[in-house]
Amino acid sequence: MSDYGTIIAPDTIRFERLLPGPIERVWSFLVDSDKRGQWLASGVMEPRAEARFALSFHHANLSPNIAPTPERFKAMENGATSQHRVLRAEPPRLLSFTWSAEAEVPSEVTFELEPEGDKVRLVLTHRRLPSGEMANTAGGWHTHLAILADKLAGRTPPSFWTLFEGIEAEYGRRLGAL
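Residues numbered from 1 in each chain as written. Predicted model: local features only at pLDDT ≥ 70, side-chain atom pairs only at ≥ 80, totals over all residues. Heavy atoms only, no water.

## Regarding the sheet that holds strand 2 (residues 12-20)
In a beta sheet, neighbouring strands pair by backbone hydrogen bonds and run either parallel or antiparallel.
Part 1: Strand order in the open sheet made by the seven strands is 1-2-7-6-5-4-3, with antiparallel pairing throughout. Each having just a single partner strand, strand 1 (6-9) and strand 3 (52-57) make up the two edges of the open sheet. Looking at each pair of strands side by side, their axes are set apart by 30 degrees on average, direction ignored.
Part 2: The pairing of strand 1 with strand 2 spans three bridges and is antiparallel. Within strand 2, the position partnered with Ile7 by the bridge is Ile13.
Part 3: Strands strand 2, strand 4 (80-90), strand 5 (94-99), strand 6 (107-116) and strand 7 (119-127) of the sheet are contacted by helix 1 (residues 23-31), whose axis makes an angle of about 165 degrees with strand 6.
Part 4: The strands touched by helix 3 (residues 134-153) are strand 1, strand 2, strand 5, strand 6 and strand 7; relative to strand 2, the strand with the most contacts, the crossing angle is about 10 degrees. (Pairing = 2+ DSSP bridges. Helix = DSSP H or I, 4+ residues; strand = E, 2+ residues; numbered from the N terminus. Axes fitted to C-alpha atoms, helices over the stretch in contact; angles between N-to-C directions. Contact = heavy atoms within 4.5 Å.)

Given below as structure tokens:
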């Protein structure tokens with residue numbers, strides 16, 4: 001299993017991670033606002049199809065290790081909020097929702113969880129990505145998943161922005177202009 005996401009279709013990327021379990025604990029980090037806010041974004045979510053919810057991103061707050069927000073993301077420095085809609089929820093194994101429901105054709109994120117001994121295999125698939133957003137999206141998910149793994153393992157993650165800048169650049173090299 002590579003840490004890097006895999007392009008499985010021109011508009012789809014998939015990530016796999018083996019995380020400390022049990023599955024109910026990992027599930028809680030997907031659906032509980034406070035726990036999700038430690039690695040991705042906070043926002044109350046009802047895990048049922050058609051439920052609408054907002055995600056509030058505060059990247060600088062994901063680690064006590066602080067780094068300046070890159071200039072191109074200064075508009076997000078004090079946070080950013082986006083709207084989403086649950087497509088499928090099958091606790092504690094599957095969660096799928098729109099990514100940015102305001103878009104004319106929103107992309108879709110699916111988390112699949114499967115126990116493997118005392119660990120949990122998480123498969124994240126992001127579909128229907130707009131043209132030109134693959135490297136940025138891949139870098140974002142890679143960084144957020146690294147922070148999730150650290151949180152579940154009881155480690156202090158690095159600054160989101162420090163990790164993201166290097167990872168996004170690597171995806172840019174690996175994926176070209178996708």
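On we go.
## Points about the layout of surface pockets
Part 1: What the largest pocket holds in volume is close to 560 Å³.
Part 2: For the lining of the largest pocket, the elements supplying multiple residues, two or more each, are strand 4, helix 3 and helix 4 (160-175).
Part 3: The biggest single contributor to the lining of the largest pocket is helix 3, with five residues.
Part 4: Of the residues belonging to the lining of the largest pocket, the class tally is 15 nonpolar, ten polar and one charged. (1 Å grid on protein atoms, 1.4 Å probe; cavity = no way out; pocket = protein on both sides within 12 Å on 5 of 7 lines; lining within 4 Å. Points joined across faces, edges and corners; volume = space filled by probe spheres on them. Nonpolar A, V, L, I, M, F, W, Y, C, P; charged D, E, K, R; others polar.)

## Overview of empty space enclosed by the protein
Remark: the empty space left among the atoms is shown by a probe the size of a water molecule rolled over them.
Part 1: This model, assessed by the stated rule, comprises one cavity of 30 Å³ or more.
Part 2: Estimated volume of the largest cavity: approximately 30 Å³.
Part 3: Lining the largest cavity are His59, Ala60, Ser63, Asn65, Ala67, Ser159, Phe160 and Trp161.
Part 4: Of the residues that constitute the lining of the largest cavity, the class distribution is four nonpolar, four polar and no charged.

## Examining the packing of helix 1 against helix 3
Part 1: The contact between helix 1 and helix 3 brings their axes to 12 Å, and the two run at 130 degrees. Of the possible angle classes, the one that applies to helix 1 and helix 3 is oblique. Classified by chirality, the crossing of helix 3 by helix 1 is right-handed. On the side of helix 1, the interface is formed by Arg25, Val26 and Phe29, while helix 3 contributes Leu148, Lys151 and Leu152.
Part 2: Within the contact of helix 1 with helix 3, the residues separate by chemical class into four nonpolar, no polar and two charged. (Parallel < 35°, antiparallel > 145°, perpendicular 65-115°, else oblique. Left-handed = near helix turned anticlockwise from the far one by under 90°.)

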